Amino acid sequence: MNEPVVAILMGSKSDLDLMRPAADTLAELGVPHVVRVLSAHRTPEVTAEFARTGRDRGIKVFICAAGGAAHLAGAVAAQTTLPVIGVPLARTPLGGADALHATVQMPAGMPVATVAIDGAVNAALLAAQILAVSDTALAVKLADKRAATAAKVLADDASLRGKA
Ligand code: RP5
């Protein structure tokens, strides 16, 4: 695979099961990516350095996933003007509501595009859509994927109506 253009960061290796669909989706679309465990709280310096130097290493979009007091996306956004997509994870007894609030409620001037709780697939698709603004081949792949999604819904509908 070529040099990564999307960095998928997660606060703990225990988040990997929930975030694997993001990597799978990017792989399916042929988007080179890197997956890292980096924590806003446990490795703040390494995380900040990775975010600060991302643009120089060819990263174009960050996806940051964390559960609980989920400050990873905000901590990365504080270090870069690259787009940051936050994925709140349902990893605590509060079912992801804590992570959602921590990720989505950024102060003005420091945007994080927050997807749904456990929204790994949409995070990857949104990252691909950002890249596809200047990548026509990727835009075509995304359009094809949308068409396949629509076709499946219509096939499901037809089968429920006994017409398939
Ligand atoms: C967050 O704390 C991580 O993103 C994870 O969702 C949660 C629990 O981490 P572990 O205690 O499982 O390492 O920083």
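Structure's up top.
Fair warning: this is a prediction, and the values are worked out from it, not measured in the lab.

1. So, the nonpolar core
Of all hydrophobic cores here, the largest spans 27 residues; its most connected members are V6, I8, M19, V31, I63, V87 and L138. Those elements giving two or more residues to this core turn out to be β1 (6–10), α1 (16–28), β3 (61–67), β4 (84–89), α5 (120–132) and α6 (136–160). With eight residues, the top contributor of residues to this core is α5. With 19 residues, the next largest nonpolar core counts A40, F50, A51 and I59 among its residues.

2. A word on helix α4 (residues 97–104)
Here α4 has its buried residues at D98, A99 and T103. In an axial view of α4, the angular spread of the buried residues amounts to 120°, which keeps them on one side of the axis.

3. Notes on the pairing of β1
In regular strands, side chains alternate between the two faces of the sheet. The buried fraction of β1 amounts to five of the five residues, a majority that puts the element mostly inside the structure. Burial of the side chains of β1 extends over both faces: V6, I8 and M10 are buried on one face and A7 and L9 on the other. Both β1 and strand β2 (residues 33–37) contribute to a ladder of five bridges, which runs parallel. Bridge assignment links A7 to a residue of β2, and that residue is V34.

4. Quick word on the sheet that holds β2
Read from one edge to the other, the open sheet built from five strands follows the order β2-β1-β3-β4-β5, with strand pairing classed as parallel. Where the open sheet ends on each side, the last strands, each with one partner, are β2 and β5 (113–114).

5. Describing the site of the ligand
Around the ligand sit G11, S12, S14, D15, R42, A66, G67 and R91, and that is every residue in its neighbourhood. With respect to the ligand, the side chain of R42 contributes an N or O atom lying 2.8 Å from an oxygen atom. In this structure, G67 approaches the ligand through a main-chain N or O atom, which is 3.0 Å from an oxygen atom. For the ligand, the protein covers 71% of the area, taking 360 Å² as the surface of the free molecule. When atoms are counted within 2 Å of each cavity's grid points, the one that captures over half of the ligand is the largest pocket. Residues belonging to the shell around the ligand are distributed by class as follows: one nonpolar, four polar and three charged.

6. Considerations on the pattern of salt bridges
Inspection of every chain in the model, using the stated rule, returns five salt bridges. Its salt-bridge partner being E49, residue R52 comes within 3.2 Å of it at the nearest N-O pair. Taken as a pair, R52 and E49 lie in helix α2 (residues 44–52) at a separation of three residues, close to a single helical turn. Residue R52 is classed as partly exposed on the basis of its relative accessible area, which comes to 44%. Owing to a relative accessible area of 41%, E49 belongs among the partly exposed residues under this scheme. The partner of R161 in a salt bridge is D157, and the shortest N-O contact between them spans 3.1 Å. By relative accessible area, which is 49% here, R161 ends up partly exposed.

What counts, and where the lines are drawn
- Here the residue numbers are simple positions, counted from 1 along each chain's written sequence.
- It should be noted that, the model being predicted, local features are given only for residues of pLDDT at least 70 and side-chain atom pairs only at 80 or more, the latter also being counted only at that level, while totals for whole chains, interfaces and linings use all residues.
- Excluding hydrogens and water, the side-chain figures rest on all heavy atoms present in the structure.
- Side-chain atoms within 4.5 Å link the members of a nonpolar core, which is a set of buried Ala, Val, Leu, Ile, Met, Phe, Trp, Tyr and Cys residues.
- For each residue, the accessible area found with a 1.4 Å probe, counting protein chains only, is set against the maximum for its type, and the residue is called buried under 20%, exposed over 50%, and partly exposed in between.
- Runs of E in the DSSP output that reach at least two residues are strands. Runs of H or I that reach at least four are helices, and both are numbered from the N terminus.
- Arc definition: it is the arc formed by the directions from the helix axis to the C-beta atoms.
- Between any two strands, at least two bridges found by DSSP are needed for them to pair.
- We call a residue near a given molecule or strand whenever any one of its heavy atoms falls within 4 Å of it.
- For this analysis, a polar contact is any N or O atom pair within 3.5 Å, provided that within protein one partner can donate a hydrogen and the other can accept it, and provided that sequence-adjacent residues contribute only side-chain to side-chain pairs.
- Surface accessibility in these figures is a Shrake-Rupley result with a 1.4 Å probe; residues are shielded only by whichever protein chains are displayed.
- Points on a 1 Å grid, built from protein atoms alone, make a cavity when a 1.4 Å probe fits but cannot get out and make a pocket when they are open with protein on both sides within 12 Å along at least 5 of 7 lines; residues with an atom within 4 Å of a point are the lining residues.
- To decide whether a molecule occupies a pocket or cavity, check its atoms: if more than half lie within 2 Å of the grid points, it is inside.
- Residues were grouped as follows: Ala, Val, Leu, Ile, Met, Phe, Trp, Tyr, Cys and Pro as nonpolar; Asp, Glu, Lys and Arg as charged; and all remaining residues, including Gly, as polar.
- Should a side-chain nitrogen of Lys or Arg be within 4 Å of a carboxyl oxygen of Asp or Glu, the pair is scored as a salt bridge.

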